[in-house]
Amino acid sequence: MSPAPADLVNAVELAGRAARLERRLSLAQLPRVGEAGAFEGTQVRAQLEFGKFDGRVTVAVQVEGVTYLACQRCLKPCACALDESALLVVVARDTDEVPGGYEPLLGDAERLSVTELIEEQVLLGLPLVPMHGTAADCGAAVAALAATEDEAAVDETQRPFANLRE
């Protein structure tokens, strides 16, 4: 998917002004997050601060919000808080040197897609195994799981070799 013209910014110009951008995006605007399994209701807010370091364009990105993903215990949607930040330096080639403390952002500094940058940070912030905060939040599926665990706990108290000394 190619970025819309309004989404493309000149990061060199913004860095020269030390500009700050703020965007609010929903799941419809983040197709790769949808492909990663996110559900409707996903909302993110991002702040991008452009600057320069050692003659290079930098972007400080802060992404906050909520993504709804399938809980790996009950497979129902669960809210996963998102709080991701990064210090990036725009590079033209992946072989370019990156100053310490910065991560590379491969792209054209004069035609930088804000949405793709935010989407990348959202993807990096997704949990590897999304789950509800507690097992009780999962509902009926967890009740069945708890019953199975209770049966296993009863099995653990049996000691078949306890009378071996006699």
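Structure shown above.
Remember, it's a predicted structure, so these values are computed and weren't measured experimentally.

(A) Broad picture of the side chain of serine 113. If you trace the backbone, serine 113 turns up in strand β7 (residues 112–113). Note on serine 113: relative accessible area 7%, which makes it buried. For serine 113, the side chain forms a polar contact with the side chain of aspartate 7, separated by 2.4 Å.

(B) Expanded view of the packing of aromatic side chains. This structure, assessed with the given rule, holds 1 aromatic pair. On the basis of an interplanar angle of 35° and a centroid distance of 5.3 Å, the ring pair of phenylalanine 53 and tyrosine 102 is categorised as tilted. Note that phenylalanine 53 is positioned in strand β3 (residues 43–53) and tyrosine 102 in the loop between β5 (77–91) and β6 (103–106), a separation of 49 residues in sequence. Note on tyrosine 102: relative accessible area 22%, which makes it partly exposed.

(C) Region of the structure containing unusual backbone geometry. Phi at alanine 18 is positive, roughly 50°, even though this residue is not glycine. Considering the arrangement of structural elements, one finds alanine 18 in the loop between α1 (11–16) and β2 (20–26). Residues other than glycine seldom take positive phi values, yet aspartate 54 does so here, at roughly 55°.

Definitions and limits used
- Residues numbered from 1 in each chain as written.
- Predicted model: local features only at pLDDT ≥ 70, side-chain atom pairs only at ≥ 80, totals over all residues.
- Heavy atoms only, no water.
- Helix = DSSP H or I, 4+ residues; strand = E, 2+ residues; numbered from the N terminus.
- Buried < 20%, exposed > 50% of the residue type's maximum accessible area, 1.4 Å probe, protein only.
- Polar contact = N/O pair within 3.5 Å; in protein donor to acceptor, adjacent residues only side chain to side chain.
- Phe/Tyr/Trp six-rings, centres within 6.5 Å; stacked < 30°, edge-to-face > 60°.

Nothing here speaks to function; it is geometry throughout.
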